[in-house]
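In case you want the letters, here they are:
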Amino acid sequence: MSYSRCVRSIILMATFFSATGCASQHDEAKLQSDMVILTQKMQVLTAELKALREKQQKEQQLKVQRQMKAEKT
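Not measured: the values here are computed from a predicted model.

What counts, and where the lines are drawn
Residues numbered from 1 in each chain as written. Predicted model: local features only at pLDDT ≥ 70, side-chain atom pairs only at ≥ 80, totals over all residues. Heavy atoms only, no water. Helix = DSSP H or I, 4+ residues; strand = E, 2+ residues; numbered from the N terminus. Buried < 20%, exposed > 50% of the residue type's maximum accessible area, 1.4 Å probe, protein only. Areas by Shrake-Rupley, 256 points an atom, 1.4 Å probe, with all protein chains shown as cover. pLDDT = per-residue confidence, 0-100. Expected span 1.5 Å × (residues − 1). Salt bridge = Lys/Arg side-chain N within 4 Å of Asp/Glu carboxyl O.

**Quick notes on the overall build of the protein chain**
A count of helical and extended segments in the protein chain gives three helices and zero strands. Each helix and strand of the protein chain, placed in order from N terminus to C terminus, yields the pattern α-α-α. Taken over 73 residues, the protein chain has a buried fraction of 11%. As displayed, the protein chain offers around 6,500 Å² of accessible surface, 59% of which is attributable to carbon and sulfur atoms.

Now the structure itself:
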């Protein structure tokens with residue numbers, strides 16, 4: 001699942017619970033634990049996105065280097 005799809009899912013879930021009043025039926029401790037879990041998931045997704053961007057940047061640099069070598073020969 002892509003990063004933006006996961007983020008969208010989390011946002012939609014939070015919005016749904018708030019809009020339907022389901023969130024108000026849970027006790028405060030449950031809500032806080034849910035928020036901790038969501039925050040941790042967001043941190044993992046952010047780290048994965050950062051790693052993917054770095055990998056993409058390295059691949060782009062290698063591609064440019066290969067093109068430069070090909071042009072020299």
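**A look at the confidence of the model for the protein chain**
Within the protein chain, residue pLDDT values average 81, and 81% of them lie at 70 or more. Here helix 2 (residues 22–25) stands out as the least confident element of the protein chain, with mean pLDDT 54; helix 3 (residues 28–72) is the most confident, with 90.

**A short note on helix 3**
Compared with the 66 Å implied by 1.5 Å per residue over 45 residues, the 66 Å span of helix 3 between its first and last C-alpha is a close match. All of the buried residues along helix 3 are Leu-38, Leu-45 and Leu-49.

**A word on the pattern of salt bridges**
Within this structure, the stated rule accounts for one salt bridge. Two residues, Lys-30 and Asp-34, come together in a salt bridge whose shortest N-O distance is 3.1 Å. Taken together, the residues Lys-30 and Asp-34, both in helix 3 and four residues apart, mark about one turn of the helix.

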